[in-house]
Structures are given as C-alpha cells and as structure tokens.
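# Architecture and fold: a report
Chain residues, written in single-letter form:
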Amino acid sequence: MHLSFKRLRRILGALTLTFSSLHAAQAADVQVAVAANFTAPMQEIAALFAKETGHKADLSFGSTGKFYAQISNGAPFEVFLSADDKTAARLVSDGKAVGTTLMPYALGSLVLWSPTEGMVDGQGKVLATGTFAHLAVANPKLAPYGVAAMQALHKLGLADKLQSKIVMGENIGQTYQFVHTGNAQLGFVALSQVMKDGEISKGSAWRVPAEMHAPIRQDAVVLVRGKDNPAAAALMQYLKSDAARAIIQSYGYGIIE
Amino acid sequence: MPFNETDLRAIGLTLRLAGTTMALLLVLCTPLAWWLARTRSRWRGPLSAVVALPLVLPPTVIGFYLLVALGPNGPLGQLTTALGLGTLPFTFWGLVLGSLIYSLPFAVQPLQGAFEAIGERPLEAAATLGAGPLDRFFTVALPLARGGFVTAAILSFAHTVGEFGVVLMLGGNIPGVTRVISVQIYDHVEALEYTQAHWLAGGMVVFSFIVLLGLNLTRRARLLP
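What counts, and where the lines are drawn
Residues numbered from 1 in each chain as written. Chains lettered and ligands numbered in written order. Predicted model: local features only at pLDDT ≥ 70, side-chain atom pairs only at ≥ 80, totals over all residues. Helix = DSSP H or I, 4+ residues; strand = E, 2+ residues; numbered from the N terminus. Buried ≥ 20, exposed ≤ 12 C-beta atoms within 10 Å, placed from the backbone. Contact = placed C-beta atoms within 7 Å. Axes fitted to C-alpha atoms, helices over the stretch in contact; angles between N-to-C directions. Parallel < 35°, antiparallel > 145°, perpendicular 65-115°, else oblique. Left-handed = near helix turned anticlockwise from the far one by under 90°. Nonpolar A, V, L, I, M, F, W, Y, C, P; charged D, E, K, R; others polar. Pairing = 2+ DSSP bridges. Domains from an automatic or database assignment. Right-handed = clockwise from strand over helix to strand, strands pointing away.

With that settled, consider the overall build of chain A. Helix and strand counts for chain A stand at eleven helices and twelve strands. For chain A, the residues scored as buried account for 46% of the 257 residues in total. In chain A, of all internal contacts separated by at least 6 residues, the share reaching a separation of at least 24 is 78%.

Residues and elements named next belong to chain B. Put simply, helix α1 (residues 5-38) and helix α8 (residues 146-161) touch, their axes get as near as 8 Å, and they point 140° apart. As summarised for this structure, α1 and α8 are arranged oblique, according to the angle between their axes. Here α1 runs over α8; the crossing is right-handed. Contact residues: T14, L17, A18, G19, T21, M22, L25, L26 and C29 in α1; F149, A152, A153, S156, F157, T160 and V161 in α8. Its residues assigned to classes, the contact of α1 with α8 comprises eleven nonpolar, five polar and no charged.

With that out of the way, let us pick up the sheet that holds strand β4 (residues 103-108) of chain A. Residues and elements named next belong to chain A. The strand order β2-β1-β3-β12-β4 describes an open sheet built from five strands, whose pairing is mixed. Sheet topology places β2 (56-62) and β4 at the edges, where each strand pairs with a single neighbour. On average, adjacent strands in this sheet sit at an angle of 20° to one another, irrespective of strand direction. Note: strand β1 (residues 29-35) against strand β3 (residues 79-81), three bridges, orientation parallel. When the sheet's bridge partners are listed, V32 is paired in β3 with V79. Each of β3 and β12 (216-222) touches helix α4 (residues 86-93); the most contacted strand, β12, lies at about 35° to it.

Residue and element names in this part refer to chain A. Here R225 is to be found in the loop between β12 and α10 (230-239). Sequence-wise, R225 and A138 are 87 residues apart; in three dimensions their C-alpha atoms are separated by 30 Å. Apart from the residues within four sequence positions on either side, R225 is in contact with P76, F77 and E78.

Glancing now at the interface of chain A and chain B. Contact with chain A, which involves 16 residues of that partner, is made by 17 residues of chain B. Residue assignment for the side of chain A that touches chain B shows that the elements contributing at least two residues are α3 (64-72) and β7 (166-169) of chain A. For the side of chain A that touches chain B, the leading source of residues is α3(A), giving four residues. Grouping the constituent residues of the side of chain A that touches chain B by class yields six nonpolar, seven polar and three charged.

A separate point is the domain arrangement of chain A. Residues and elements named next belong to chain A. As far as domains go, chain A holds domain 1 (26-107 + 216-250) and domain 2 (110-207). Contacts between the two partners involve eleven residues from domain 1 and, on the opposite side, 14 residues from domain 2. Of the residues belonging to the side of domain 1 that touches domain 2, the class tally is six nonpolar, four polar and one charged.

Our next topic: the pairing of β2(A). Residues and elements named next belong to chain A. By the bridge criterion, seven bridges tie β1 to β2 in an arrangement that is parallel. Residue V32 lies in a different strand from β2, and its bridge partner there is L59. Between the parallel elements β1 and β2, the chain passes through helix α2 (residues 39-53) in a crossover that is right-handed.

Bringing the packing of α2(A) against helix α11 (residues 242-250) of chain A into the picture now. All names here are of chain A. Their axes nearest at 9 Å, the elements α2 and α11 cross at an angle of 160°. Compared by their axis directions, α2 and α11 come out roughly antiparallel. Remark: the crossing between α2 and α11 carries right-handed chirality. Residue-level inspection shows P41, E44, I45 and L48 of α2 in contact with α11, the latter providing A243, A244, I247 and I248. The residue makeup of the contact of α2 with α11, split by class, is seven nonpolar, no polar and one charged.

Residues and elements named next belong to chain A. Strand order in this open sheet of five strands is β7-β6-β8-β5-β11, and the pairing throughout is mixed. The sheet terminates laterally at β7 and β11 (204-207), the two strands that pair on one side only. The mean inter-strand angle of the sheet, taken between neighbouring strand axes irrespective of direction, is 30°. When strand β6 (residues 135-138) meets β7, the two strands line up parallel, connected through four bridges. In the sheet register, A136 faces β7, and the bridge partner there is V167. This element, helix α6 (residues 144-156), spans β5 (110-114), β6 and β8 (186-190) of the sheet and lies at about 130° to β6. Along the sheet, helix α8 (residues 172-180) makes contact with β5, β6, β7 and β8, crossing β8 at roughly 145°.

Have a look at this one:
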C-alpha cells in the first residue's frame with residue numbers, strides 16, 4: 001500500500017483540525033432535571049446558554065417528587081431545578097447535592113385560569129358562584145403549586161365547598177392539560193404556563209395575590225454528579241445573568257436577589 | 001394495618017373497575033370475536049389490526065386522545081353531552097370506557113382463538129341434526145369455547161387492574177372515583193411514602209403472580225382428560 005505524501009498531509013491536517021476544535025470549545029454537556037412548571041422558560045434559556053457558552057444543557061422535565069426519587073436512586077442528573085425550596089435542600093442534607101451551590105432562581109406565581117373568555121373575573125369571584133363542574137388543582141401532596149392553590153382556597157373559605165369539584169393533576173403540567181382541553185372549566189396553574197412576553201396569552205385569569213399563599217420559592221442546586229462539570233457551574237451562573245432573568249420574568253416569575 | 005383508608009378505597013375502586021370492565025368486555029367481545037373467527041370479509045384484516053392496537057400503543061396515547069375526544073370540544077364529548085350524560089373524564093364511567101379500549105385485545109384474542117379452534121365440523125354436525133344458527137352458537141360453540149372465556153375473563157380483569165397511563169391521563173385522581181391502586185402507588189412514591197408504596201406494590205406483585213399461576217392451572221386442567 002502506498003500513501004502519497006499529499007494524501008497523508010491531508011489526513012493529518014484533518015485530524016489536527018478535529019483535535020484543535022475539540023480543545024478550543026471545551027464544550028461539555030450537562031444533564032438538567034427541570035420542574036415541569038419551568039419547562040417553557042428553561043427551553044429558551046438553554047437555547048441562549050448553548051449559543052453564548054457552547055455548552056449544551058440536556059433538559060428533562062417532570063415533577064419534583066419524581067426527580068427526588070430518581071436522583072436518590074442514582075439518576076444521572078447534574079443540575080436540579082426544583083419547583084420548591086424543600087426538595088433541593090433535602091437532597092443537600094442527603095448528600096446528593098452540593099450545599100454551597102443552592103440558590104433560588106425563580107419565585108412562582110399562581111393564577112386561576114380558564115381558556116374561556118370571561119369565565120374568570122379579576123377577583124376570582126367565580127370560585128364562590130360554583131358555576132362549573134370541575135376545578136383543576138395540582139395534587140397538593142406532590143406539587144408546590146397545589147399547596148399554594150389549596151392555601152388560597154382555604155383563605156377564601158371555599159376549600160370544603162369546592163372539594164367535590166376538584167380534580168387533581170399529578171403535576172402542574174397535567175393540571176394545565178385538564179383545563180386546556182376544557183375537561184375542567186378552570187384551574188389553578190402556574191402563571192408561567194399561560195403567560196408569554198409579559199401577557200396572559202389567552203382565556204381569562206385571576207392572578208392570585210401573593211399574600212394568599214406561602215411563597216413558591218424555586219431553588220436550583222448542583223448535584224454531586226455534576227460538581228466537577230464546568231458546564232454545570234456555567235449553567236448556574238447563567239441562570240443569574242440578565243439575559244436569563246429577562247426570560248424568567250417574561251413568564252411571570254419573580255426574581256429573588 | 002398496612003393499608004390506610006385511601007389505600008383501601010383505591011383497592012375497592014380498582015376491583016370494581018376491573019370487574020365492570022371484564023363483564024362488559026365479555027359481552028361485547030363475544031359477537032366481535034365470533035365474527036372475526038368466521039368471516040371471510042376483506043374487513044377482517046383491518047378490524048383485527050384495530051382490535052390489537054392497544055397492545056402496541058403507549059397508554060398515554062390512548063389516554064391523551066380520549067381526554068381530547070371526550071372533552072367538551074371533542075366529538076365524543078359533544079355526543080355524551082347531547083345525550084345528557086355530561087362529559088366523561090374524571091368519572092368512573094370515563095375510566096370504564098378507557099379500560100374497555102385498553103383491555104380489548106385481552107378479551108377478543110382468547111375468544112377468537114377458542115372459536116377458531118372449534119372448526120366447522122361440530123357446527124355442521126349440529127346443523128345436520130337440525131339445530132338453527134342461534135341454537136348452534138349457544139349449545140355447541142359457547143360450551144366448546146369455555147376455556148377461551150375463562151382466559152379472556154382473567155386476562156381482561158388483571159390487565160385492567162394493572163392499568164396506569166390511561167387512568168392518569170383521564171382520571172383526575174379523585175379518591176373513590178378515579179384514584180386506582182396504580183395511581184395511589186405513584187402518589188405514595190412521589191410523596192416519598194415508600195413504606196405505603198411497598199405494601200401496595202408488593203400486593204400487586206403477589207396478585208399478578210397468583211392470577212398468572214391460576215391461568216396456567218386452568219389451562220392444564222383443560223388439557224388433562
């Protein structure tokens with residue numbers, strides 16, 4: 001077999017190019033577990049993050065309780081964006097997450113929403129009239145937004161009266177689905193699910209005042225598996241950037257300094 | 001007591017759902033399986049494929065389409081509303097409908113197999129002795145297909161007990177109405193109540209084993225003289 005010098009040089013050149021491009025980017029992948037309510041903003045943030053840093057965030061969406069069970073049992077996630085502040089702290093005390101990286105990334109807002117125009121009034125009075133068959137609420141046993149919704153109903157003194165009309169979604173994503181398909185006429189969902197570019201995009205809604213429920217503080221943390229991954233640290237940093245915060249706020253979340 | 005009150009309600013509801021589904025499936029699937037076993041129609045192939053679809057489709061697909069179709073804007077939802085039944089999601093009968101579809105092949109296929117195994121001869125013999133079509137069906141075909149009915153009953157009951165995805169999509173997790181055992185286990189796991197989850201989950205393993213063992217024993221009993 002005879003390799004011409006020219007051909008050899010071409011092969012070597014290609015190899016060098018491959019190695020140097022690998023080296024230059026230092027791009028890494030990071031596996032991220034994301035609470036279902038943060039799906040839409042996180043997709044936007046991950047796209048920008050990839051463009052600006054070259055790192056790639058692989059996103060998994062689901063309920064916080066399920067992620068806790070999976071992470072406790074060795075799921076290969078490196079960063080966890082929880083829907084509450086308890087679960088992330090619990091993973092730290094379990095030794096599954098790095099305590100020094102724990103930080104709030106968003107403050108959730110609760111909204112009573114219906115896809116039908118005029119169904120929900122600006123004060124949520126529709127709840128007292130009971131002119132609906134089903135009210136969708138995230139399961140308060142599992143979802144922080146469900147806890148907040150039940151607190152608001154208790155505050156209104158309607159929790160017992162409406163008990164028979166409540167249908168429960170396993171997470172806030174399924175709760176939204178029940179309302180969106182019209183099977184429940186209205187429901188308590190995350191503002192982020194119905195908001196786009198700072199506006200509620202369709203239907204009618206009542207933004208539940210923050211003082212009617214305990215704050216829905218959502219914490220992020222680097223998991224033990226991601227502690228040496230530069231992309232994990234970069235993502236945590238990026239969540240605090242102005243660009244990311246603008247996206248987070250455009251979906252109706254608050255920011256905690 | 002390993003089971004709390006909501007666990008017991010979930011167990012009761014699951015048995016009621018599986019029993020109702022099994023009974024309805026046996027009634028509905030007998031003519032369907034009979035037709036599939038004996039027809040030469042060109043619709044046999046497509047219809048067999050439709051019957052087998054739930055074996056292949058993810059339960060979430062069935063649940064999602066049912067949720068959309070049965071909702072107030074869906075065609076079936078508008079039909080049930082027009083009939084004065086309201087919409088079916090989040091109700092026991094909504095779950096029954098979902099379970100009928102989900103467990104359909106588990107009832108049709110054993111019945112069809114049993115009917116096919118009878119063959120033409122016993123029926124022709126009965127005809128020559130003067131038995132009409134209905135008489136032949138009830139006094140010859142049904143007794144000969146007894147084994148198929150036992151298998152169809154056991155499988156459709158057990159498969160409905162094991163249903164999760166369809167119920168999750170369609171049910172709304174209402175205690176005593178739509179919160180079945182599998183959803184209750186899911187809730188326990190998600191809420192980190194692993195002890196409660198173990199009792200129910202372990203119970204399901206034992207139940208499923210006994211069902212399959214029983215199925216095996218009834219088959220052997222039928223093979224032995």
